[in-house]
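Below are the chains, spelled out letter by letter.
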Amino acid sequence: MSREPVGTFCLVLHSHLPWLLRHGAWPVGEDWLYQAWAHSYLPVVETLERLAARGHRDLLTLGVTPVLAAQLDHPAALRAMHTWLADWQLRAHEAHVLQPALATREHRAAAHALEVFERDWRHGGSPVLRRLADDDVVELLGGPATHPFAPLLPGRVRRFLLDAGLRDAALRLGRRPAGIWAPECGYAPGLEQDYAAAGVQRFLVDGPALRGATAAAHPVEGTDVVAFARDLEVTYRVWSPRAGYPGAADYRDFHTYDHTTGLKPARVTGRRVATADKKPYDPPRAAAAVARDAADFVATVRRRLETLRDRRGRPGLVVSAFDTELFGHWWHEGPAWLEAVLTALPEAGVRVTTLRGAVAAGHVEEPVVLPASSWGSGKDWRVWDGLAVRDMVADNEDVARRLLAAVDGAAPTAGRDATLDALATQAALALSSDWAFMVTKESAVHYARRRAAQHRDRVRELTDLLPAGRHAEAAARAAAFTAQDDAFGRLDARALRRGRSGDRRRTTPTYSGVGSLA
């Protein structure tokens, strides 16, 4: 097969979980964090390090949201993660009598994860990520502090959370990211102006937003900010819930548990096979499936690039973007598939690089005007602004209004105001896009509604106390909130006051896919 580059492929991984520390355990509290850490973040990083040791560079673009980075660095989370890994090993040990093959496999995996965690992650995630970036293995993306759905926010709040997230990344990584993953790929006309003002040079939208022009990146008209879009034809080879690779019969079944140990003993077997009828997981069969599906994906990428080259008369670009948690957590074999794909693509004549590398390679073409969009259902905003979450949208509008009123009404101070900072943190946590997503998708709905309501009610409590002059009581309550939710030590509410000019708000309906920032 020809070694001449037929085109360029960019893989983008989006690493994100909401703030989970000290907010419950199983199944969607802290355990969610530690499962993703053990089964996705550790093995994906190991995969990248192995490829780097073999001389590969610019392998992929890796987004890590500030709220996740805060947890990967947090001393309490690091201690709890160490305990969780030891418990995994203990659970495997206890399973040995009844399921020796499963227990042996899981015990070895847990022991390896403990070794890697103690060696490489004991000081947190930021040193690990910084090393990958410094060695040009990955390009790191930033984003807003707590993953809010930006098109639904007042301009001052939206810009405050973006700047806070980029500042936080600069502190952890030693550089301010030039690219972002816009949460949920949420876009409304006008957001590119915010990005330009914040120094953001590139961001992600979903494929339909570029109306078929996904074979290159494009500046958004009126700015130098470049939009990249997922190529859905290629991406859905993996992502499709009906035909994607992770649902194949020989892969480990995510949903089937041995409830005594919490281990996962079965393979998918079939999409309509009852849990009791699932066959035992067979690692050699899974390895063969990885090889088969990696080869299929590489062939799909090459065919797509050949088609683009033939149609356009020049090499094109394919961008595939996924949640990092797919690789290892949801799809056990995902890291092995990643390694196979990233090894085989260059051998198949495909240039593999980062979004930054794609710009350098000349894959930026004419400016475009983008429509309102997201990567959610319908590619519009219905997941975060639909009928199922209309009450949450109203609550978020109230949270933003109260936050701005409190900051505007406070007397200017020379230093920071711990009460206002706590208020800003609770507002940011309330505005996380995760809660509406979980409700709309009927996934852990009670947890999502409880978390959203808890942070909303804390905002309301503080913003009721402050105008009443009950400052000491507000300060005490703020300190209690901060003791639980110390996500961002440098989230400075004064920046909201400094950003008062140029406020822009949503002015049109959004769940139909039509929206703007006036």
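In this text the structure is predicted, and so the values were computed from the model without any measurement. (Residues numbered from 1 in each chain as written. Predicted model: local features only at pLDDT ≥ 70, side-chain atom pairs only at ≥ 80, totals over all residues. Heavy atoms only, no water.)

Caption draft 1: Representation of the overall build of the protein chain within the structure. Per the secondary structure count, the protein chain includes 18 helices and nine strands. The C-alpha atoms of the protein chain give 23 Å as radius of gyration, which agrees with the globular expectation for 518 residues (24 Å, within 12%). Taking the principal axes of the C-alpha coordinates as reference, the protein chain spans close to 70 × 65 × 40 Å. In the protein chain, which comprises 518 residues, the proportion classed as buried is 58%. (Helix = DSSP H or I, 4+ residues; strand = E, 2+ residues; numbered from the N terminus. Rg over C-alpha atoms; globule rule 2.2 N^0.38 Å. Buried < 20%, exposed > 50% of the residue type's maximum accessible area, 1.4 Å probe, protein only.)

Caption draft 2: Region of interest: the packing of helix α1 (residues 30–53) against helix α2 (residues 66–73). At a minimum axis separation of 12 Å, α1 and α2 run at an interaxial angle of 90°. Here α1 lies roughly perpendicular to α2, going by the angle between them. The segment α1 lies against α2, with Leu 33, Trp 37 and Tyr 41 engaging Leu 68, Gln 71 and Leu 72. Residues of the contact of α1 with α2, tallied by class, amount to five nonpolar, one polar and no charged. (Axes fitted to C-alpha atoms, helices over the stretch in contact; angles between N-to-C directions. Parallel < 35°, antiparallel > 145°, perpendicular 65-115°, else oblique. Contact = heavy atoms within 4.5 Å. Nonpolar A, V, L, I, M, F, W, Y, C, P; charged D, E, K, R; others polar.)

Caption draft 3: Region of the structure containing the sheet that holds strand β4 (residues 179–180). Read across the open sheet, the four strands follow the order β4-β5-β7-β6; overall the sheet is mixed. At either margin of the open sheet sits one strand with a lone partner, and together these are β4 and β6 (218–219). Bridge analysis of β4 against strand β5 (residues 202–205) gives two bridges, and the strand direction is parallel. When the sheet's bridge partners are listed, Gly 179 is paired in β5 with Arg 202. (Pairing = 2+ DSSP bridges.)

Caption draft 4: Structural view of the packing of α1 against helix α10 (residues 334–347). Two elements in contact, α1 and α10, have axes whose closest approach is 9 Å; the angle formed by their N-to-C orientations is 25°. The angle between the axes of α1 and α10 places the two elements in the roughly parallel class. When you trace α1 past α10, the crossing you get is right-handed. Contact residues: Pro 43, Val 44, Thr 47, Arg 50 and Leu 51 in α1; Pro 335, Leu 338, Glu 339, Leu 342 and Thr 343 in α10. Residues of the contact of α1 with α10, tallied by class, amount to six nonpolar, two polar and two charged. (Left-handed = near helix turned anticlockwise from the far one by under 90°.)

Caption draft 5: Up close: the confidence of the model for the protein chain. Overall, the prediction assigns the protein chain a mean pLDDT of 94, with 95% of residues at 70 or greater. Counting contacts from residues 501–518, a segment whose pLDDT is below 50, to residues more than four positions away or on other chains yields 62 contacts. (pLDDT = per-residue confidence, 0-100.)

Caption draft 6: Region of the structure containing the nonpolar core. Residues Trp 37, Trp 121 and Trp 337 are the most contacted members of the largest nonpolar core, which totals 134 residues. No other element matches the 13 residues that α1 contributes to this core. (Core = buried A, V, L, I, M, F, W, Y, C linked by side-chain atoms within 4.5 Å.)

Caption draft 7: Representation of the side chain of Arg 451 in the model. Within the secondary structure layout, Arg 451 lies in helix α16 (residues 445–465). One buried charged residue, Arg 451, remains without a salt bridge, the closest side chain of opposite sign being Asp 485 at 5.3 Å. A polar contact is formed between the side chain of Arg 451 and the side chain of Tyr 447, at a distance of 2.8 Å. (Lys, Arg positive; Asp, Glu negative; His and termini not counted. Salt bridge = Lys/Arg side-chain N within 4 Å of Asp/Glu carboxyl O. Polar contact = N/O pair within 3.5 Å; in protein donor to acceptor, adjacent residues only side chain to side chain.)

Caption draft 8: Structural context of the packing of aromatic side chains. Taken as a whole, this structure holds 22 aromatic pairs when the rule is applied. On the numbers, 5.5 Å between centres and 75° between planes, the contact of Tyr 251 with Trp 331 is edge-to-face. In this pair, Tyr 251 sits in the loop between α8 (232–239) and α9 (283–312) while Trp 331 sits in the loop between β8 (316–323) and α10, placing the two residues 80 residues apart along the sequence. On the basis of an interplanar angle of 45° and a centroid distance of 4.3 Å, the ring pair of Phe 254 and Trp 330 is categorised as tilted. Taken together, the positions of Phe 254 in the loop between α8 and α9 and Trp 330 in the loop between β8 and α10 put the pair 76 residues apart, joining distant regions of the chain. Since its relative accessible area comes to 44%, Trp 330 is described here as partly exposed. Site record: aromatic cluster; members linked through ring pairs are Phe 9, Trp 181, Trp 239, Tyr 245, Tyr 251, Phe 297, Phe 322, Phe 327, Trp 331, Trp 337 and Trp 375. (Phe/Tyr/Trp six-rings, centres within 6.5 Å; stacked < 30°, edge-to-face > 60°.)

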